[in-house]
Amino acid sequence: MTTTPAKTGAARTIPAGSPAIPASAWWLAALPPLFFSGNFLFARAMRDAIPPFQMSFWRWAVALAILLPFCLPAIRAQWPRIRANLPFLALLGAIGVTAFNCFVYAALHHTTVVNAALVNSLLPIATFLLAFLILKQRLAPRQILGIAVSLAGAAVVIARGDLAALRSFSPNPGDLLVLGGMSFWALYTVLIRWRPLGLEPMALLGITVAFGVLFHLPLVAWEYRNLGGFTLDAASAGTILYLAVFPSILAYIFWNRSVAVLGPGRTGMFMHLLPIFSAILATLFLGERLALHHALGFALVVVGILIVMRPPAAKSA
């Protein structure tokens, strides 16, 4: 049956600023948005070559094939614990693997990367709100301020310093799909705190990915019947391989570890780095030049993250 905090003794997050937090925790939290920015760029570039549900399915099917040799020993050793929590683990696979990725890939057929990045920047807000509703974690005024500052930095980068771009922003079906996918990822970020105690990270990742691949099958069958398949060539194979390794395996391992150490709210704040990393990748691979608004936006994002991570001031006696 599904685990609850009372039954599992959910992992306690180390307070921000505590010397017990390893420096690597902050770097691990920054890597998933870097990999996800590459995910956005590849998905947008290949949107006409690979249908969205098939792109998501083959991404995770290849990732599962890579993971199995490393995950199977842990899954076999901990099968009784896994079997006792199958509904909860299936839920993690459904929302964190299937729903999130299918929504985002479908969205990039109908909206621009600018709009998608702007909507996705709301992830920390959604994560903090869900943590408040589900985990009863209260929002301090400094956290609200940090969210606002960081969101402003993301908006500066997305709008390229032109406020008119934000004033003309209007939602379309693609934006709503990104919003749906972002909401599923925020929910996954919060629920991962309730993972079964003692379940090894590789066993957790392997079983959730397996469920995610399984839940793709009806979507892929429907899409193939209506849109057909795709041609496997160097470009599509390279895209799927990148998607399978970086925003799938490595990003999920680093994200789960960051949530365990930093908590869902502070980890979610790092997703504001996604538009920053997207600008850097565009400079490196598309020949775009960095401008003043990139530096300003990056500075605001970093300041916002530091405000949220700053420990509360000790009360006087």
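Residues numbered from 1 in each chain as written. Predicted model: local features only at pLDDT ≥ 70, side-chain atom pairs only at ≥ 80, totals over all residues. Heavy atoms only, no water.

(A) Region of interest: the environment of Ala49. With respect to the element layout, Ala49 can be found in the loop between helix H2 (23–45) and helix H3 (52–77). Sequence-wise, Ala49 and Thr231 are 182 residues apart; in three dimensions their C-alpha atoms are separated by 7.6 Å. (Helix = DSSP H or I, 4+ residues; strand = E, 2+ residues; numbered from the N terminus.)

(B) Seen up close, the environment of Leu122. Along the chain, Leu122 falls in the loop between helix H6 (113–120) and helix H7 (123–134). A relative accessible area of 33% means that Leu122 is categorised as partly exposed. Residues contacting Leu122, with those up to four places away along its chain left out, are Leu151 and Met182. (Buried < 20%, exposed > 50% of the residue type's maximum accessible area, 1.4 Å probe, protein only. Contact = heavy atoms within 4.5 Å.)

(C) Geometry of the packing of aromatic side chains. On inspection of all chains with the given rule, the structure shows 13 aromatic pairs. With a centroid separation of 5.0 Å and an interplanar angle of 20°, the aromatic rings of Trp185 and Tyr188 are classed as stacked. A residue pair is termed a helical-turn pair when its members lie 3 or 4 positions apart in one helix, as Trp185 and Tyr188 do in helix H10 (residues 173–191) at three residues. By the burial criterion, Trp185 is buried, and Tyr188 matches it. (Phe/Tyr/Trp six-rings, centres within 6.5 Å; stacked < 30°, edge-to-face > 60°.)

(D) Examining the packing of helix H11 (residues 201–227) against helix H12 (residues 234–262) more closely. It is at 11 Å that the axes of H11 and H12 come closest, and there the two elements cross at 130°. It follows from the interaxial angle that H11 and H12 lie oblique. Between H11 and H12 the crossing geometry is right-handed. Two secondary-structure elements touch here, H11 through Met202, Leu204 and Leu205 and H12 through Ile249, Tyr252, Ile253 and Asn256. (Axes fitted to C-alpha atoms, helices over the stretch in contact; angles between N-to-C directions. Parallel < 35°, antiparallel > 145°, perpendicular 65-115°, else oblique. Left-handed = near helix turned anticlockwise from the far one by under 90°.)

(E) Geometry of the environment of Leu130. Within the secondary structure, Leu130 sits in helix H7. Excluding residues that lie within four positions of it along the chain, Leu130 makes contacts with Leu135, Ser183, Ala186, Leu187 and Val190.

(F) Spatial organisation of H10. Look at H10: 27 Å from first C-alpha to last across 19 residues, which is about the 27 Å you get at 1.5 Å a residue. Buried within H10 we find Gly174, Asp175, Val178, Gly180, Gly181, Met182, Trp185, Ala186, Tyr188, Thr189, Val190 and Leu191. (Expected span 1.5 Å × (residues − 1).)

(G) Spotlight on the side chain of Ser37. By the secondary structure assignment, Ser37 is in helix H2. Apart from residues no more than four positions distant in its own chain, Ser37 is found in contact with Leu274, Phe277, Ser278 and Leu281.

(H) Summary view of H11. Taking 1.5 Å of rise per residue, the 27 residues of H11 would be expected to cover 39 Å, and the 37 Å separating its terminal C-alpha atoms lies within 8% of that figure. The sharpest bend along H11 measures roughly 35° and falls at Leu217, with the proline Pro218 sitting one to four residues further on. Two residues or fewer past H11, Gly228 is found with a positive phi of approximately 85°. (Bend = angle between axes of the 7 residues up to and from the residue.)

(I) Structural context of the packing of H3 against helix H5 (residues 86–107). Across the interface, H3 lies against H5 with an axial gap of 8 Å and an inter-helix angle of 140°. As judged from the angle between their axes, H3 and H5 are oblique. Every pair of crossing elements has a handedness; the one defined by H3 and H5 is right-handed. For the pair formed by H3 and H5, the contact residues are Pro52, Phe53, Met55, Ser56, Arg59 and Trp60 on the first element and Val97, Asn101, Cys102, Tyr105 and Ala106 on the second. Its residues assigned to classes, the contact of H3 with H5 comprises eight nonpolar, two polar and one charged. (Nonpolar A, V, L, I, M, F, W, Y, C, P; charged D, E, K, R; others polar.)

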